[in-house]
Every structure is written in structure tokens, then in C-alpha cells.
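Residues per chain, in single letters:
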Amino acid sequence: MSEIFRNPANDDDYTAFLRSKEVKAPRRGMSAVPALSSHLKPIQAHCVAFALESGGSGCFLDTGLGKTLAELEFLTHAADASNGKAALLAPLTVGWQIHEEAKRFGYRSQLVRAPDEVREGINIFNYDIRDKFDLGVFGAGGLDESSIIKNFTGKTTRDLIDGFAGQRWKIAATATPAPNDHMEIGTHAEFLEVMHSNEMLSRFFINDTSTASQNWRLKGHAETAFWDWMASWARMATLPSDLGFDDTGYILPPLNIIPHRVDGGTLPMAEGMFSTIQMNATNMHQVKRATSSARATAAVEIAAADRDAWVLWVDTDYEADAVRALMPDAVEVRGSMTASEKETNLRRFADGSKLKLITKPSICAYGLNFQFCHRTGFVGRSFSYELFYQAVRRFWRFGQINPVDVHLFLDEGEKSVGRVIDRKADDHLKMKVSMRAAMRRAIGIDAIVKSPYNPQHQGRMPGWLSVA
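About the criteria used
Residues numbered from 1 in each chain as written. Predicted model: local features only at pLDDT ≥ 70, side-chain atom pairs only at ≥ 80, totals over all residues. Heavy atoms only, no water. Helix = DSSP H or I, 4+ residues; strand = E, 2+ residues; numbered from the N terminus. Buried < 20%, exposed > 50% of the residue type's maximum accessible area, 1.4 Å probe, protein only. Contact = heavy atoms within 4.5 Å. Areas by Shrake-Rupley, 256 points an atom, 1.4 Å probe, with all protein chains shown as cover. Axes fitted to C-alpha atoms, helices over the stretch in contact; angles between N-to-C directions. Parallel < 35°, antiparallel > 145°, perpendicular 65-115°, else oblique. Nonpolar A, V, L, I, M, F, W, Y, C, P; charged D, E, K, R; others polar. Polar contact = N/O pair within 3.5 Å; in protein donor to acceptor, adjacent residues only side chain to side chain. Core = buried A, V, L, I, M, F, W, Y, C linked by side-chain atoms within 4.5 Å. Phe/Tyr/Trp six-rings, centres within 6.5 Å; stacked < 30°, edge-to-face > 60°. Lys NZ or Arg CZ within 6 Å of the ring centre and 35° of its normal. pLDDT = per-residue confidence, 0-100. Pairing = 2+ DSSP bridges.

Caption draft 1: Molecular detail of the overall build of the chain. Looking only at helices and strands, the chain has 15 helices and 17 strands in total. Split into buried and exposed, the 468 residues of the chain put 50% on the buried side. Once local pairs closer than 6 in sequence are excluded, the contacts in the chain between residues at least 24 apart make up 73%. For the chain, the computed accessible surface area is about 22400 Å², with 52% contributed by carbon and sulfur atoms.

Encoded structure:
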């Protein structure tokens, strides 16, 4: 008889057969992990050891859990195991902070802006100058804030995947992939050479043609298998306890979301009744322009009167102009500035020379540590939950000792933005629950225990059948 039909209750071969059908990432790393730095927290050491054993790994630790140290430790050992040179790509405003942390903990690193500056150790450079470097000269590679590789057909994504192709040692770090964005998980898997995005889609997903956008969604029967597959090549945690470690010192202070309703004139009188303008992708800027002055006035009135540090987030240049006109002493980080100007202005805010910062989440929401600041305001928001989440987590992160106040300055016509963000927040929470369960199964915590079927109900035979 085929092994498939053997009794699973009495035959270990059946379990082995099922395990042989599981999809897992290949291991191409170290068989024996060397001693790791003593300054690593237990959760960081676990992720580094897993990455060194895997060769290519995702490090999806939430903000403040120490992704940067994990990256630096991994790349140090990976460089030693290859040609001595590692590359760590980072967002424009983050590289200098990673370099400062590397120096603090004794890692050999340098910020580089040209190929002739590359040395042994960890070479940190920004994504915007990636085209200057031949990634093939590095023995190990890392992507900081790796959610940049969102779209598997995008130019940047393809360039990074192709540039590091064939590389044995790779790490991709972000505070979890974009909320409920399974496509981004696929691009991470392809970058790490675990599985091609198209293969992931065909194996675990179905193209939902019931919607206009024809979204890919997980097959119902494949959900657990998908997250278990992901746990074979990545480590994800919102708290250390997700991976079996102590949460002491990682419980965050309260987060206070404080909405401010601003009258920006988007409630025109129509036939004796108020008619709310609904914001959508088509008329978004029309509504935002009409309300930018009122929102800026409300925000500056609160922030300028406070002696503590503040970050005022804007979504557009005209919102930044409106805020800057009312608060000229604030320092600004804007997209049109040079890399040097951005870095200088961020340092002025970080060292306390300037207490008010104006910027966009698309520029400064990733990677920066603003635990010294616990008050922030959104003068403008987009429909992106990821940008909102990341911006808030610059302050509300491990190491913050004060309650964090997040002020939202919104006109009545912008309610739709909040509804979209709330829905995406729910999706993010569901994704985290699934990922957490998979991580705990992968390391032997909360493993699924299958109980034998034990019927308790006594069925009755139908009268017509008993007569027959």
C-alpha cells in the first residue's frame, strides 16, 4: 500500500511524508555560527544567527527592536566569510545615523559616495547613488528599510535584485513589509533568492477577478503554508516575546492620537443643507490646497507655543510653505535639497539646535530615531497607511520614555483619508497576527498539536434505512 494511506497515528513515516511536502527556503549560510557581539540583545542575536545560517534572510523587527545592530553584525561576519567588503544601502536621510551607530558599537564601517571610497568592512551608501557602484564587488549586501522593493516590476526593485544576483550573503531589514502587501513579501523573497515572485503567486495566491483591481489574495487552504514558508527565510517580531524572549524594557508608553477639526471651507451650503466634499485621488489636491492655510495655522498655533521638540509632517510642498511662513525659525528637510543640506538640517534637529522640524513622511519617516521628541503633528496626510505608521514610529518606539502625542489637523472634507488609514491599520494587525503565529511555530513555540478524532455524538439510523 502507498505510504500516503498508512495510519498516521502509528506511523512516523506519514509525518515525514507530510514534512517532505513543506516548502522551505534553501540554506546556503554557515553550518556553525561564530561568537556574536555581547552588546546584542537576545532577540537581535537570534535574528543574526538565523540570517548567518540562512545566508539570505529577512529581518522584519518592529521599530526600536534593533534591526540596525542586527544588520551590522550580520554584514560584519558575512564580509569576513567572503571578500571582506559589505554594502549596506539606506534611505537618503538615514545613512549617517547608521554610521554613527556603527562607530558607537565598534563596527568597521564608512559612509561612501563614490566607488574609490569603498574599503574593507561595511560600506554604507544611499539608494539614490546606487547606480555609481558595481554591487558585484561586495561579498555581502544589505538593504536597510527594504520596503523600498515594493513592486516586483519596478525599476529600482529589478535593479537591486539583479545587482545582488548570485550573492550568497544578503539581508533585507524593515519594520515588517508594507501592511498586508503580499507582493512586497514576494519581492523580498526574490531579492534573497528564496523564490521568484511569480512562483510565489502561483503557489500560494489566486487572482481575485471579482474586483476591478483584480487583487491577488491568499488561497484559503494555503494561508498557513504561506506563513510557514515565510518563517523559513525571515524573522519577524513586534515584541521580543513573539520569538520567545522577555519583553521587559520593551513595553511602550501610551500613544495619544489627538484630532483637531479645522474649518477649511469644504462644507459649502447647497440648497439649505451642508454637503461634505469627499476627498479622493482625483480631487485630493483641490481639497488640500483649499484647506492648507487653515490647517497650518491650527498646527503652528499649538507647536510654536510649546518649548518641546516637534515634527510637523506635511504631504505637499504647498503645505510646507504654509507652515514655514508661520514658523520661519523651524528647520526644514525638503526633497529638492541636496543630501548634505538634508543631513545638516536633521543633525540640527537631533542635537537640539532647532526644536521644530518640517518635513514629509516620504523623506524622513524611515529609519530615523526621534525618541528625544514625543510631540508631532500631521498638517497633511496621504492615503498611505505605511507612511503614517512609519512616521509615528519615529517617536513611539522602544527607548521612548514619555507618552507620545500625535496631533491630526484635518478638515471635514478629509475624513475619507482617516477611514482608509483605519481600514489599512486593521489589515496590518491581521497580517502581524498571522506572521507572529508562523514565527512561533518555526521556533517550536505554540506548535500545532493535532488531536485524534474522538466522536462524542451517537447518531440515529433513519427509520426508512432500518426498515430496508
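Picking up after the structure, the text goes on.
Caption draft 2: A look at the packing of helix 5 (residues 155-163) against helix 6 (residues 182-191). One can describe the packing of helix 5 onto helix 6 by two numbers: an axis separation of 9 Å at closest approach and a directional angle of 25 degrees. Here helix 6 runs roughly parallel to helix 5, going by the angle between their axes. From helix 5, Thr 157, Arg 158, Leu 160 and Ile 161 reach across to helix 6, where they touch Thr 187, Glu 190 and Phe 191. By residue class, the composition of the contact of helix 5 with helix 6 is three nonpolar, two polar and two charged.

Caption draft 3: Seen up close, the side chain of Lys 170. Structurally, the position occupied by Lys 170 is in strand 6 (residues 169-173). Looking at Lys 170, its side chain comes within polar contact range of the main-chain oxygen of Phe 164, at 3.1 Å. Once you skip the residues sitting within four places of it in the chain, Lys 170 turns out to touch Arg 28, Gly 55, Gly 56, Ser 57, Phe 74, Gly 141, Phe 164, Ala 165, Phe 191, Leu 192 and Glu 193.

Caption draft 4: Up close: helix 6. Among the 10 residues of helix 6, 10 are classified as buried, and the element is accordingly described as predominantly covered. Within helix 6 the residues assigned to the buried category are His 182, Met 183, Glu 184, Ile 185, Gly 186, Thr 187, His 188, Ala 189, Glu 190 and Phe 191.

Caption draft 5: Local environment of the nonpolar core. Judged by nonpolar contacts, the single largest core of 106 residues is most densely connected at Trp 229 and Trp 233. Of the residues forming this core, the biggest block, seven residues, is contributed by helix 3 (residues 67-80). Setting aside chain neighbours within four positions, we find Trp 233 in contact with Ala 25, Phe 50, Gly 56, Ser 57, Gly 58, Phe 60, Ile 185, His 188, Ala 189, Leu 192 and Val 194. One finds Ala 296, Leu 312, Met 327 and Val 379 within the second-largest nonpolar core, a separate group that totals 16 residues.

Caption draft 6: Representation of unusual backbone geometry in the model. Although it is not a glycine, Glu 145 sits at a positive phi angle of roughly 50 degrees. Of note, Glu 145 is situated in the loop between strand 5 (140-144) and helix 5. Phi is positive for Glu 193, which is not a glycine, with a value near 60 degrees. Relative to the helices and strands, Glu 193 resides in the loop between helix 6 and helix 7 (197-204).

Caption draft 7: Structural context of the packing of aromatic side chains. This model, assessed by the stated rule, comprises 20 aromatic pairs. Ring centres of Trp 313 and Phe 378 lie 6.2 Å apart, and the angle between their planes is 20 degrees; this geometry places the pair in the stacked category. With Trp 313 in strand 13 (residues 310-313) and Phe 378 in strand 16 (residues 375-378), this residue pair connects regions lying 65 residues apart in the sequence. Judged on exposure class, the residue Trp 313 and its partner Phe 378 are both buried. Ring geometry for Phe 378 and Phe 388: centres 4.9 Å apart, planes at 50 degrees, overall tilted. Of this pair, Phe 378 sits in strand 16 while Phe 388 is found in helix 13 (residues 385-392), placing the two residues 10 residues apart along the sequence. There is no split in this pair, since Phe 378 and Phe 388 are both buried. Members of the aromatic cluster, connected to one another through ring pairs, are Phe 60, Phe 204, Phe 205, Phe 226, Trp 227, Trp 229 and Trp 233. The lysine or arginine in question, Arg 381, covers the ring of Phe 388, its NZ or CZ lying 5.0 Å from the ring centre.

Caption draft 8: Region of interest: the confidence of the model for the chain. Residues with a pLDDT of 70 or more make up 81% of the chain, whose mean pLDDT is 84. Here residues 447-451 scores under 50 on pLDDT; set against residues more than four positions off or in separate chains, the count is three contacts.

Caption draft 9: Quick peek at the environment of Arg 423. Among the structural elements, Arg 423 can be located in helix 14 (residues 415-442). In this structure, the C-alpha to C-alpha distance between Arg 423 and Tyr 385, residues 38 residues apart in sequence, is 8.9 Å.

Caption draft 10: Quick look at the sheet that holds strand 9 (residues 234-237). Pairing within the open sheet is parallel, and its seven strands lie in the order 3-4-2-5-6-1-9. One side of each edge strand has no neighbouring strand; the edge strands of this open sheet are strand 3 (109-111) and strand 9. Between one strand and the next, the sheet's axes are offset by a mean angle of 15 degrees, whatever the strand orientation. Alignment of strand 5 against strand 6, held across five bridges, turns out to be parallel. Residue Leu 143 lies in a different strand from strand 6, and its bridge partner there is Ala 172.

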